[in-house]
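# Geometric and topological summary
Read off the chains here:
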Amino acid sequence: MDTTVYQPIPGTAASPGTPAVRARSLTKLYGKGEATVRALDGVDVDFEKGAFTAIMGPSGSGKSTLMHLLAGLDTASSGQGFIGDTEITALGDNELTRLRRDRVGFVFQSFNLLPMFTAEQNITLPIELAGRKVDAETKEWLATLVQTLGLGARLTHRPSELSGGQQQRVAIARALIAKPEVVFADEPTGNLDSRSGAEVLSFLRRSVRELGRTIIMVTHDPTAAAYADRVILIADGRIAGDIDDPTPESVLAGLDALRTLESDPADGLTGTTTAVRA
Amino acid sequence: MVRLTLAQMRRSIGRLSAAGIAILIGTAFLTATLLAGNIINRVTTDSIAAQFADSDLVVSNGPGIDPAGLEDIRGTEGVEAADPQVLRAFELVSGGKRTYQVVVPAASDPRFEAQELVEGAMPTRSGEIALPSDVAERLGLGLGDPVTVVRSVWTPGAEDAAAGTGTTADEGAPSEEAVAPEETAPADATADGDGASAPAEEAAPGDEAAPGDESPAGTFVDTNEKLTLVGTLDDPMGAYAQVGGAGVLSNDDLTTWEADSYVPGEATTAYNAVLVALAPGADLEAVRSSITSSLGGDAKVWTSAEYAKEQAAQMTGGEDVFTYVILTFAAIALLVAALVIANTFQVLVAQRTRTLALLRCVGADRKQLSRSVLLEAIILGLVASVAGILFGIGLVQLALTVAGTMDLGIPLPPVVQVTAVAVLVPLLVGTVVTLVASFSPARAATRVAPLAALRPSDAPTLTSGAGRVRLAISSILVVGGAGLLVLGVLLGQQGSAQAGLLAATAGGAASFVGILVGAIFWLPKVVSLVGKVLTGSGSTAKLAAANTLRNPRRTAATSTALLIGVTLVAMMSTGAVSARMSMNNELDGRYPVDVSLATDGYDEFGGNQPVALPQSTIGTAEKVDGVESVVPLTATSVTVDLDGSDITFLARGVDPEAAGTLVRDKEAVQGLAPGTVVVPAGVAKDWGISSGDQLVLAAAPLPDDGDPQGTPATLEALVTPMGGRALLVTPQTLEGVATGTPVTSAWVGLADVNDAASVVPALQDALAESDLPIDVTGAAVERAMYQKVVDTILGVIVGLLAVAVVIALIGVANTLSLSVIERRRESATLRAIGLSRSQLRWMLAIEGMLIAGVGAVLGILLGILYGWAGASAALAVMGDVTLAVPWRDVALVMVVALVAGLLASVIPGRSAARTSPVEALAVD
């Protein structure tokens, strides 16, 4: 394994030409024979560096599957996925683990903090898992993150002593601590009230604008998607639309357009916060 | 509700079966113990019954049946033959080999013959003997070969009975009748390594009619009888298996010898039982009543089967104790199993919080929830117990089958006989234990609020909830128990070992229960401390340490289960090693050397004529593996004039330099030189001799050949911590006092006295080839003897406790797999943020080792403390107690615990590693 490939790409210095994440004919099949379901059907898509991209689509559209494949959490049936120049669809489990540890960050819907550790311990966990010391540079970066995310007074608290919004901000700090090339956020506001949700989304946007990170977020909420620089719409496992500089209105319009394409308009009704995900 | 319970059980089948295994092992242990007890009883009954062969009736009488009674029985109508039941033991000698052998008279009717001939014939006349084929082989005898039987004969007139030694042997007073010295054998000699004195005592109580205070003048003299081997025997039914097989003598010889073995007028021949064979066509009941009436008194007439049952019942009183002891260990195993079960149910209830709350929302009341948990426990207990009983039966059957293929000389039943007790008791105990263990989880289930159904599901946690009552009970038990323990030690040191041991046992048990009850308060803190130390060693260890602290109660319960077994194991081995060390110290003080070989060993008072020890014996001893050096000692009887009277002593001559290298305490021979005599401290005390006294040693008059040659020597006494009763001088001095003193003994030094258990038997075997009876005594010999006993007992106890430890380790595995299931999402998150599969597995392995290791370390510490307390209380009467730590056992327990903790994490680790990181994204 060529370890040099896994060095985190520092800051935003990467050449603007190469996308952070790419998918080429990415396909994922579930089941066999008659019962085969094409969750993802030959998707080609690029995600730019230093951008905040939202993936949107109705239930069962394949948006979560796309993220799982691009993040190296799941294996593709065919096609290729790249993070930078690394073809992740060709990596084994241990290589994927190192890739996730060093080059990818995650933000989950249910926060997924470790209950027995303090906020600070949770944030630095990826560094420790990688067997690295929390050095001066990391400390500085931690201070920046803590300040940006407004966690200063909460670092010694355990997750059970934090509100949902605070927990999610800790989770964002954890995702950013190793300065990953890309952060995947899966419905980061799904478990939050709208005020905390808005807070978290603006933090995500600030991470991109001020800290130069790359974030790919899966959401079904047009308001949340509107915080992104770009929205990619997915339906039936294919890319169905691409909206730059979205507003809630333009996103809703795009979704409406999708809805008219569907055979059964009642299915795939999204836009409400109670929608059930695939 | 029942349907719901069953549905829930189906969902938790994996977790339940892990808990079930704990109960399964416990009940299997219990079943196997009960069945084994039955088999022992049955084998005992069968072998007793086998002694009666095909006889129809057995007549017994309280005081015994005299020969006249036997004739009465023989004369009863319908009786075809009647033989008395006689078992006697004699020493057999052939060449240099000797053994104690139980013999029975030849049967007058083939129906009374319990054994079968392999070859040759049964003895029919005086001077003939038949022996079990293995005994004949051991003695190197073939048909027609001569064999010597040593028997005691009452000899009137030999008044000067042996002084001091207290044996009934004749050595003290060699008389006209006495045979040549090399043919005398001490009646209680056990030095031939056969250890055959036990059957002699058991089988021949009549022989114990030793000279009483008012007995006529005379003494017992060993007499040799030359017999011819006419037949070899097999004992297919194991009639005499318990006494190591029986030889057969002609009735004439046995009757004559029997009469010779009593002091005239003191005792008469009486038989415990008489076997009766009926004439063809005779009515059993009629004969029975006519014998009863003709004998009168307490006479009872049994059928053979009835009598065997009665005898077995009397005998197995002792064996039931054995069963009870093993049942204690089964109880410990079940207690540990109960802890594992309680733990599992706690977790199950915690995991089902949402379901339980939902049920409460839709109208289930507290009682129903509690009943559901208890029902689940009963079903689990029943199923696991049934499986355990089957497993136990299978184990015993397997043992029987394996034992059946080996020739153990005991006729074992081929198929295990299952009794109602052996099934019902384990079934009841297993079910009740499971039920009781689920009481607390059932209560926890009732505390689930309906509201819990509406809360987002967090990882289930059990609040510690350890109440003040628990703390109070625990403190009282620990403090009170510790007080009793100290009292026990003090009592022991003041000489009342029994009261001390009793107090120490009660105190130990109470404080241990207190410690277990209070484990929830302190055990997690210890784990946390150990965990903190581990935290330095990396992120995986840090995660593992943090994980063990998430649920203190569970960690405490899991560690406690292991703590019980480990404490008991450590206590036993600490007690054993302390006992061993204390005994070693005690022996070191008593014996000057490791081993001493002597031909005159019984008479350190100097009353006997020394018998020369052949040079070849010394050569033989030197060749034995583990023997470092052998130093010959000359000896003769000397008289010393003390306060005007001549006192006879045995004086030994030994080279001072060689002796210095051998004796355990160098001071014992310090200063030994020409012109000095070493006086053992014990002798000095008895006779008022002190260092610097001038003693005149003169050769003692020999009993058989007149005056000794030599010149008396005046020597300076040196009182030293030497053991024994013999005076020590240089060989040259002794030769001057009595010319031609023979070498009669040798001191043997072992390369490592801790090897006594293997070297001493080897030495005894090598010396058994000699024609001379040689006494092998010394610290190493006793050490070898008790080491074997201590090691055997310890091995058995540790083996039995191991079952409890195994169950506890299953508990560790169970806890880990429950944790894995609980932390599914968390494992996935860790995988998603960069924990590799092997790191995840390693994390669980550390967790397992932490739980097991802490339990083991604490168990070892407690066990050592208890072992020391027990040893102090019990052994103080022996002298100074040496408190020792069984390092080897401690290390072994530690390694076993850590490896087991590691192994316990393998299966949970695999399932955790299979967790896909995608699951971190799942919302339930």
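Residues numbered from 1 in each chain as written. Chains lettered and ligands numbered in written order. Predicted model: local features only at pLDDT ≥ 70, side-chain atom pairs only at ≥ 80, totals over all residues.

The next point concerns the overall build of chain A. Helix and strand counts for chain A come out as 8 helices and 10 strands. The buried share of chain A, taken over its 278 residues, is 48%. (Helix = DSSP H or I, 4+ residues; strand = E, 2+ residues; numbered from the N terminus. Buried ≥ 20, exposed ≤ 12 C-beta atoms within 10 Å, placed from the backbone.)

Now for helix α28 (residues 906-914) of chain B. Residue and element names in this part refer to chain B. Buried within α28 we find Pro908, Gly909 and Ala912. The buried residues of α28 occupy one face: seen down the axis, they fall within an arc of 100 degrees. Tucked into the core, α28 has its buried residues touching α24 (779-822), α25 (824-832) and α26 (837-875). (Arc of directions from axis to C-beta. Contact = placed C-beta atoms within 7 Å.)

Moving on: the interface of chain A and chain B. Across the boundary between the two partners, chain A contributes 24 residues, which contact 20 residues of chain B. Elements that contribute at least two residues to the side of chain A that touches chain B include exactly α2 (93-103) and α3 (119-129) of chain A. A per-element tally of the side of chain A that touches chain B places α2(A) first, with 5 residues. Classifying every residue of the side of chain A that touches chain B gives 11 nonpolar, 6 polar and 7 charged. (Nonpolar A, V, L, I, M, F, W, Y, C, P; charged D, E, K, R; others polar.)

With that settled, the discussion passes to the sheet that holds strand β11 (residues 300-303) of chain B. Residues and elements named next belong to chain B. With antiparallel pairing, 4 strands are arranged side by side in an open sheet as β2-β10-β1-β11. Edge positions in the open sheet fall to β2 (79-84) and β11, since each of these has one partner strand only. Across the sheet, the mean angle separating the axes of adjacent strands is 25 degrees when strand polarity is ignored. Direction of pairing for strand β1 (residues 57-65) relative to β11: antiparallel, over a ladder of 4 bridges. Across the sheet, Val58 pairs through a bridge with Trp302, a residue of β11. The sheet contacts of helix α3 (residues 67-75) involve β1, β2 and β10 (271-278), and relative to β2 the element is tilted by about 160 degrees. Running at roughly 15 degrees to β1, helix α7 (residues 284-295) makes contact with β1, β2, β10 and β11 of the sheet. (Pairing = 2+ DSSP bridges. Axes fitted to C-alpha atoms, helices over the stretch in contact; angles between N-to-C directions.)

Residue and element names in this part refer to chain B. Side chains Leu695, Leu697 and Ala699 project from strand β16 (residues 694-699) onto a buried face, and the interleaved Gln694, Val696 and Ala698 project onto a face without burial. Relative to β16, strand β13 (residues 627-642) runs antiparallel, the two being bridged by 3 bridges. Bridged to Val638 within β16 is Ala699.

All right, on to the confidence of the model for chain A then. Residues and elements named next belong to chain A. With 87% of its residues at a pLDDT of at least 70, chain A reaches an overall mean of 82. Mean pLDDT values over the elements of chain A span from 83, in helix α8 (residues 248-261), up to 94, in strand β8 (residues 215-218). Scored below 50 in pLDDT, residues 1-15 shows 20 contacts in the model against residues more than four places distant or in partner chains. Low pLDDT (under 50) marks residues 263-278, which in the prediction has 23 contacts with non-local residues, meaning those over four places away or in another chain. (pLDDT = per-residue confidence, 0-100.)

All names here are of chain B. Looking at the secondary structure, you find Thr232 in strand β8 (residues 218-234). Along the backbone, Thr232 and Asp134 are 98 residues apart, and their C-alpha atoms lie at a distance of 8.6 Å. Ignoring sequence-local partners within four residues, the contact set of Thr232 consists of Val118, Glu119, Gly120, Ala130, Leu131, Ser133 and Ala136.

A separate point is α25(B). All names here are of chain B. Of all 9 residues making up α25, 8 are buried, and the element is well covered by its neighbours. Every buried residue of α25 is accounted for by Arg825, Glu826, Ser827, Ala828, Thr829, Leu830, Arg831 and Ala832. Among the residues trailing α25, Gly834 stands out with phi positive, at a value near 120 degrees.

To continue, consider the packing of helix α15 (residues 497-517) of chain B against α26(B). Two numbers describe a pair of packed helices, the interaxial angle and the distance between the axes. Residue and element names in this part refer to chain B. Here α15 crosses α26 at 165 degrees, and the two axes come no closer than 8 Å. Considering their axes alone, α15 and α26 lie roughly antiparallel with respect to each other. Pair α15 / α26 crosses with right-handed handedness. Facing α15, whose interface residues are Ala497, Gly500, Leu501, Ala504, Gly508 and Ile515, α26 presents Leu862, Tyr866, Ala869, Gly870, Ala873 and Ala874. (Parallel < 35°, antiparallel > 145°, perpendicular 65-115°, else oblique. Left-handed = near helix turned anticlockwise from the far one by under 90°.)

Bringing the environment of B:Gly692 into the picture now. Residues and elements named next belong to chain B. Following the sequence through the fold, Gly692 ends up in the loop between α21 (681-687) and β16. Look at Gly692 and you get exposed, because 9 C-beta atoms sit within 10 Å. Separated by 26 residues in sequence, Gly692 and Leu718 place their C-alpha atoms 6.4 Å apart. Those residues in contact with Gly692 that sit more than four places away from it in its chain are Glu716 and Ala717.

This paragraph deals with the packing of α24(B) against α26(B). Residue and element names in this part refer to chain B. It is at 10 Å that the axes of α24 and α26 come closest, and there the two elements cross at 140 degrees. Our classification of the angle between α24 and α26 gives oblique. In this structure, the crossing between α24 and α26 has a hand that is right-handed. Note on element contacts: α26 touches α24 through Leu844, Glu847, Gly848, Ile851 and Ala852, opposite Val812, Thr815, Leu816 and Val820. Residue composition of the contact of α24 with α26, grouped by class: 6 nonpolar, 2 polar and 1 charged.

As a further point, take the nonpolar core. Of all hydrophobic cores here, the largest spans 278 residues; its most connected members are A:Leu204, B:Ala333, B:Val336, B:Ala337, B:Leu562, B:Val677 and B:Ile807. Setting aside residues no more than four positions away along its own chain, B:Val677 makes contact with B:Leu695, B:Leu697, B:Leu715, B:Ala717, B:Leu718, B:Leu727, B:Leu728 and B:Val729. Formed by 56 residues, the second largest nonpolar core is a distinct cluster that contains B:Leu57, B:Leu131, B:Val243 and B:Ala273. (Core = buried A, V, L, I, M, F, W, Y, C linked by C-beta atoms within 7 Å.)

Quick look at the pairing of strand β15 (residues 676-680) of chain B now. Residue and element names in this part refer to chain B. Taking burial as the measure, the 5 residues of β15 include 5 buried ones, the bulk of the element. Burial of β15 is two-sided: the residues Thr676, Val678 and Pro680 facing one way and the residues Val677 and Val679 facing the other way are all buried. For β15 and strand β17 (residues 713-720), the ladder comprises 5 bridges, and the chain directions are parallel. Paired with Val679 across the two strands is Val719, which belongs to β17.

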